[in-house]
Amino acid sequence: MLKINNNKLKEGMRIVLPEEWHDKVLAFSKKENCPYEFILENIEKDKGTKETYYICKPEKKTGAKLAKIAFTECTIRYLFSQEVPDLNIGLSFKEYLPLEDSQILITNSRNPSEVIPGIFKVEPELILKGIICLNFKIYYMNGNGFTAVRHFYDGSKKSNWKLLLHEDTSYMTDYEKMFRDTIIHKSYVVKSCDKLARYLEKEGAIEHARMLREKGRVHDDSKISCEDELHALSRIINDQSTMYDATKQLSPIQKDAIKLHWKHNPHHPEFFKTPEDMERINIMEMCCDWYARSMQKGTDFMKYVETAQNERFKFPDWMYAEIIHYCEVLNSKI
């Protein structure tokens, strides 16, 4: 991560574009070339958005048609910041910044239950008189859209951020841990669904392969989009043994918390009055879900499947044979 250098930014300062930012400006402007070196020409503040823009001109006459470029305060501070060891204690955007493309959790300082998982990305946009401006934005991981980082500086949305995938979760609330676990689990499920989908394609089941990949993409989205479900599951985030150990029984508290999740997700047999009502695509996703947890926890996958059948689900023989087939495919080295 970066510690922000709060030295005064002055007109006449030299600004050098990083290679990736240079490529983004080129693609956005659709120009044939763009300089790397700029001089800070003047500083302007937008009264409406309260965003400060740092307008820069090319340091040298290069023949490039791109006359000027702008940076928001966040982006220009990023260029002059110092890299320091990652911490996960909850940091202000005014003091520290994550590295570009980091996955982060943004928590409202006044309301710790208001958490947004997002990706920290720099993007070009047009401002003022058609000047291209580089601005850091948060792209939401639990829905469509994005917001400029400026939104989280002050006022009712003043927030701190933590690294989503950092190993140190000791400073995370249970609510934040739930986000973290869900995003990590979803990444494993996407891989599982893709593995089974590749097998289905070889067998000619093209439409089922397409549907399964889509199921993987939206798997467990309700955990982070449904506020009630997120709150309920946060209560049991610190004991997930039943998710990878089929011999463990759900406690009454766990069962009560997870019922809402079952209600929203047909890849769980508990969604139905009887497991026999599950459609084939839901059975496939269920197997991928199990395999994903097994990969996460490093457990014996086929032993889990066998124990789950004997101790918990008791699927009819014809259905269990289909489940075993999918699970063996997932457990193979294809």
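In what follows, the accompanying structure is described. (Residues numbered from 1 in each chain as written. Predicted model: local features only at pLDDT ≥ 70, side-chain atom pairs only at ≥ 80, totals over all residues. Heavy atoms only, no water.)

**Concerning unusual backbone geometry**
Going by this rule: Starting at the N terminus, helices and strands are each numbered in turn, a helix being any DSSP run of H or I of at least four residues and a strand any DSSP run of E of at least two. Buried residues are those whose accessible area, probed at 1.4 Å on protein chains only, stays under 20% of the maximum for their type, while exposed residues exceed 50% and partly exposed ones sit between those limits.
Positive phi is not limited to glycine here, since Asp 101 has a value of about 75 degrees. Along the polypeptide, Asp 101 turns up in the loop between β8 (96-97) and β9 (103-108). The phi dihedral of Asp 220 is positive, around 60 degrees, even though this residue is not glycine. Relative to the helices and strands, Asp 220 resides in the loop between α4 (206-218) and α5 (222-225). Residue class for Asp 220 comes out buried when judged on its relative accessible area of 2%.

**Comments concerning the nonpolar core**
Going by this rule: Think of a nonpolar core as a cluster: buried Ala, Val, Leu, Ile, Met, Phe, Trp, Tyr and Cys residues, connected wherever their side-chain atoms sit within 4.5 Å. Note on contacts: a residue pair is in contact if any heavy atoms of the two residues lie within 4.5 Å.
Core analysis: the largest hydrophobic core is formed by 36 residues, its most contacted members being Leu 17, Phe 71, Phe 93, Phe 120 and Trp 161. Of all the elements, strand β11 (residues 131-140) adds the most residues to this core, at four residues. When near neighbours in sequence (up to four residues on either side) are disregarded, Phe 93 contacts Ile 4, Pro 98, Ile 104, Ile 106, Phe 120, Val 149, Phe 152, Tyr 153, Ser 159 and Trp 161. Membership of the second largest hydrophobic core comes to 32 residues, among which are Val 189, Tyr 199, Ile 283 and Ala 308.

**Let's talk about a nonpolar patch on the surface**
For the record, the criterion: For patches, a residue must show more than 30% relative accessible area and have no salt bridge; joins then use 9 Å for like charges and 5 Å for nonpolar side chains, namely Val, Leu, Ile, Met, Phe, Trp and Tyr. Every accessible area reported is derived by Shrake-Rupley at a probe size of 1.4 Å, with residue values counting cover from the shown protein chains alone. Salt bridge, as used here, is a side-chain nitrogen of Lys or Arg placed within 4 Å of a carboxyl oxygen of Asp or Glu.
Where nonpolar side chains cluster on the molecular surface, the patch consists of Leu 87, Ile 89 and Tyr 171 and spans about 290 Å² of accessible area. As for its placement among the helices and strands, Ile 89 is situated in the loop between β6 (82-83) and β7 (91-92).

**Looking at the environment of Leu 26**
Mapping Leu 26 onto the fold places it in helix α1 (residues 19-29). C-alpha of Leu 26 to C-alpha of His 151: the two residues are 125 residues apart in sequence and 27 Å apart in space. Dropping the residues within four chain positions of it, Leu 26 is found in contact with Lys 31, Glu 32, Asn 33 and Cys 34.

**Some points on the packing of aromatic side chains**
What describes a pair of aromatic rings is the distance from one ring centre to the other and the angle between the planes of the rings. Filter applied, for reference: To pair, rings of Phe, Tyr and Trp, with the six-membered ring standing in for Trp, must have centres within 6.5 Å; the planes then decide the type, stacked if under 30 degrees apart, edge-to-face if over 60, and tilted in the middle. In this scheme, Lys NZ or Arg CZ marks a charge over a ring once it lies within 6 Å of the ring centre and within 35 degrees of the ring normal.
Taken as a whole, this structure holds 14 aromatic pairs when the rule is applied. Summarising the aromatic geometry, the rings of Tyr 78 and Phe 136 are spaced 4.8 Å apart at their centres and angled 50 degrees between planes, so their arrangement reads as tilted. On the criterion of sequence distance, the pair formed by Tyr 78 in helix α2 (residues 73-79) and Phe 136 in strand β11 is long-range, its members being 58 residues apart. For the pair Tyr 78 and Phe 136, a shared accessibility class is recorded, and that class is buried. Geometrically, the ring pair formed by Phe 313 and Phe 315 is stacked, given 5.1 Å between the ring centres and 25 degrees between the ring planes. Comparing Phe 313 with Phe 315 shows no difference in burial state: the two are buried. Three or more aromatic residues link up through ring pairs in this structure, and these residues are Trp 21, Tyr 78, Phe 120 and Phe 136. Over the face of the ring belonging to Tyr 188 we find Lys 191, whose NZ or CZ atom lies 5.5 Å from the ring centre.

**Details of helix α9 (residues 301-313)**
The criterion, for reference: The angle between axes fitted to the seven residues ending at a residue and the seven residues starting there is what we call the bend at that residue.
Approximately 25 degrees is the largest bend angle found in α9, and it occurs at Thr 307. When we look at burial in α9, the residues that qualify are Phe 301, Tyr 304, Val 305, Thr 307, Ala 308, Gln 309 and Phe 313. Where α9 is buried, its residues contact α8 (280-297) and α10 (317-331).

**Quick look at the pairing of β9**
Here is the rule: Pairing between two strands is assigned when DSSP locates at least 2 bridges connecting them.
In terms of burial, β9 is largely enclosed, as five of its six residues are buried. Here β9 pairs with strand β10 (residues 115-127) via five bridges, running antiparallel. Among the inter-strand pairings, Thr 107 is bridged to a residue of β10, identified as Val 115. The antiparallel hairpin formed by β9 and β10 contains six residues in its connecting segment. Pairing of β9 with strand β13 (residues 159-163), which is carried by five bridges, proceeds in the antiparallel orientation. For Ile 106, the partnering residue across the bridge sits in β13 and is Trp 161.

**With respect to the state of the cysteines**
Simply put, the disulfide is a covalent bond whose two ends are the sulfur atoms of two cysteines. For the record, the criterion: For this text, the term disulfide refers to a pair of cysteine sulfurs within 2.5 Å.
Taken as a whole and judged by the stated rule, the model has zero disulfides. With no disulfide of its own, Cys 56 lies closest to Cys 133 among cysteine sulfurs, the gap being 9.6 Å.

**A short note on the packing of α9 against α10**
Inclusion rule: Throughout, an axis means a line fitted to C-alpha atoms (over the contacting stretch in the case of helices), and angles, computed between N-to-C directions, take values from 0 to 180 degrees. To sort the angles, those under 35 degrees are grouped as roughly parallel, those over 145 as roughly antiparallel, those from 65 to 115 as roughly perpendicular, and the leftovers as oblique. Each helix crossing is assigned a hand: it is left-handed if the near helix lies turned anticlockwise from the far helix by less than a right angle, otherwise right-handed if that turn is clockwise. Gly counts as polar in this scheme, as do all residues outside two lists: the nonpolar Ala, Val, Leu, Ile, Met, Phe, Trp, Tyr, Cys and Pro, and the charged Asp, Glu, Lys and Arg.
Between α9 and α10, the least distance of the axes is 10 Å, while the angle of their chain directions is 165 degrees. With respect to α10, the axis of α9 lies roughly antiparallel. In this structure, α9 crosses over α10, and the sense of that crossing is right-handed. Of α10, the residues touching α9 (which contributes Phe 301, Met 302, Val 305, Glu 306 and Gln 309) are Tyr 320, Ile 323, Ile 324, Cys 327, Glu 328, Leu 330 and Asn 331. Among the residues making up the contact of α9 with α10, the classes are represented as eight nonpolar, two polar and two charged.

**Regarding the packing of helix α3 (residues 174-202) against α4**
Packing of α3 against α4 brings their axes to within 8 Å, and their N-to-C directions diverge by 180 degrees. Between α3 and α4, the crossing angle belongs to the class labelled roughly antiparallel. Of the residues in α4, those in contact with Lys 186, Val 189, Val 190, Cys 193, Asp 194, Leu 196, Ala 197, Arg 198, Leu 200 and Glu 201 of α3 are Ile 206, His 208, Ala 209, Leu 212, Arg 213, Gly 216, Arg 217 and Val 218. Here the residues of the contact of α3 with α4 are counted per class, giving 10 nonpolar, two polar and six charged.

**Brief notes about the pairing of β11**
Along a regular strand, successive side chains alternate from one face of the sheet to the other. For β11, a buried count of eight out of 10 residues is recorded, marking the element as mostly surrounded by other parts of the structure. Alignment of strand β5 (residues 69-72) against β11, held across three bridges, turns out to be parallel. Residue pairing across strands places Ala 70 opposite Cys 133, the latter belonging to β11. Note that β10 and β11 share 10 bridges and pair antiparallel. When the bridges of β11 are listed, Glu 125 appears paired with Cys 133. Hairpin remark: β10 followed by β11, antiparallel, with three residues in the connecting loop; positive phi at Leu 128, about 45 degrees. In this structure, β11 lies alongside strand β12 (residues 146-148), joined through three bridges in antiparallel fashion. Among the inter-strand pairings, Tyr 139 is bridged to a residue of β12, identified as Phe 146.

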